[in-house]
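Notes for the structure review
The lines below spell out each chain.
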Amino acid sequence: MNAIAIGPFAFSADRFSAIGGMVVFMLAGSLLAARIDNRLGTWTTAAAFLGILGARAVHVLGHAASFWQEPWRVLAIWQGGFSWHGGLIGVLLATVLLWRRAPRITSWAILPLVAGLFVWIALGSLINGNASPRAPAASYVVLDRGGTLSVAERRGRPAVLKLWASWCPPCRREMPMMADMAGSNPHVDFLFANQGEGRDAIAAYLRQAGIDLQTVVLDPFANLSRHYGAVGLPATLFINPDGTLAASHLGEISRETLSERLAALSSSATASTE
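Keep in mind it's a predicted model, so treat the numbers as computed, not measured. Once a new chain begins, its residue numbering starts again from 1 and follows that chain's sequence as written. Local features in a predicted model are, by the rule used here, given only for residues with pLDDT of at least 70; side-chain atom pairs are given and counted only at 80 or more, and totals for whole chains, interfaces and linings are based on all residues. Water and hydrogen atoms were dropped before computing side-chain values, which therefore reflect all heavy atoms in the structure.

Considering the pairing of strand E2 (residues 9-12)
Two strands are counted as paired when DSSP detects at least two bridges linking them. A run of H or I in DSSP counts as a helix once it spans at least four residues, and a run of E counts as a strand once it spans at least two, with each numbered from the N terminus. Strand direction decides the pairing type here: strand E1 (residues 3-6) and E2, joined by four bridges, are antiparallel. Looking across to E2, one finds that alanine 5 is bridged to alanine 10. Counting the residues between successive antiparallel strands, the hairpin from E1 to E2 contains two residues, one of them, glycine 7, with a positive phi of roughly 60°.

Given below as structure tokens:
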């Protein structure tokens, strides 16, 4: 799993590279504001704000039906969900405003954009450079079924492997949604691998929360987290029918992002059988 941990904070590759690019973009803009014109600093702030706002707005509008049911989630940006098309529109709008007010210095805006984009791509390439591991062959006990299960035994079916724990607040927040999505996608195996807790603690949490999960895997030593390099919880892993890792998501995942990943996973599975 492509992620990085800095002290108690864990970041997925895409988020860390985006944050790094944004920081460099702001720093370059501040430097130009001090050396060239103060209005470049104002433009940098406006471009960052409008870019984030536009990226989020386009994503929300693209999934309006889903957000309409839970409108408060529009503000849940920690779940992810941004459109690069919307971000580009926001940055272009800020640049047009700068050009109308100070056309002579607009060309300087290229430097912060190039610097930020370079760092964004470079960090993403470095973190994503590691080869994705295949599903482990080890077997794990399944809660309530008394048998064992191996993640590697796909039998031609894709899977979503959720690494979670009952003490993890983001895990608890997303678990009802995950259970609902598991029931709505019978063509995909949802495997809920608890990390580090005992059978009684897991069963007590599920009973208290009123959550019914078909396949809960016991991983008392968190071997799956180590195998996939998950530096935090929750982690969502999308596994192809051949056991290879198709995609991963570190942190709380939204219904929209999960739906998009499931669609891509199903398309890949269908293409592999043709």
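Moving on, there is more to tell.
Quick notes on the layout of surface pockets
Counted as a void, the largest pocket has a volume near 1400 Å³. Contributing elements (two or more residues each) for the lining of the largest pocket: E2, helix H1 (13-35), helix H2 (39-62), helix H4 (84-101), helix H5 (110-127), strand E9 (245-250) and helix H9 (255-273). The element best represented in the lining of the largest pocket is H1, accounting for seven residues. For this classification, the nonpolar set comprises Ala, Val, Leu, Ile, Met, Phe, Trp, Tyr, Cys and Pro, the charged set comprises Asp, Glu, Lys and Arg, and every other residue, Gly included, is treated as polar. Considering only residue class, the lining of the largest pocket consists of 20 nonpolar, 14 polar and four charged. In this model, the second largest pocket occupies a volume close to 550 Å³. Looking at the lining of the second largest pocket, the elements with two or more residues in it are strand E4 (148-150), helix H6 (169-184) and strand E6 (189-195). At four residues, the largest contribution of residues to the lining of the second largest pocket is made by E6. The class makeup of the residues in the lining of the second largest pocket is ten nonpolar, eight polar and seven charged. The pocket and cavity definitions rest on a 1 Å grid over protein atoms only: a 1.4 Å probe that fits but cannot leave marks a cavity, an open set with protein on both sides within 12 Å along at least five of seven lines marks a pocket, and residues lining either have an atom within 4 Å of a point. Grid points are joined across faces, edges and corners, and a volume is the space filled by probe spheres set on the points.

Digging into the pairing of E6
For E6, the buried fraction is high: six of the seven residues fall into the buried class. Judged from the six bridges that link them, strand E5 (residues 159-164) and E6 form a sheet pairing that is parallel. Bridge pairing links leucine 161 to leucine 191 in E6. For the crossover that starts at E5, traverses H6 and ends in the parallel E6, the hand is right-handed. Direction of pairing for E6 relative to strand E7 (residues 216-219): parallel, over a ladder of four bridges. Bridge pairing in E7 links phenylalanine 192 to valine 216. Each residue's exposure class comes from its accessible area (1.4 Å probe, protein chains only) as a fraction of the maximum for that residue type: buried when under 20%, exposed when over 50%, partly exposed otherwise. Viewed with both strands pointing away, a crossover whose connecting path from the first strand over the helix to the second turns clockwise is right-handed.

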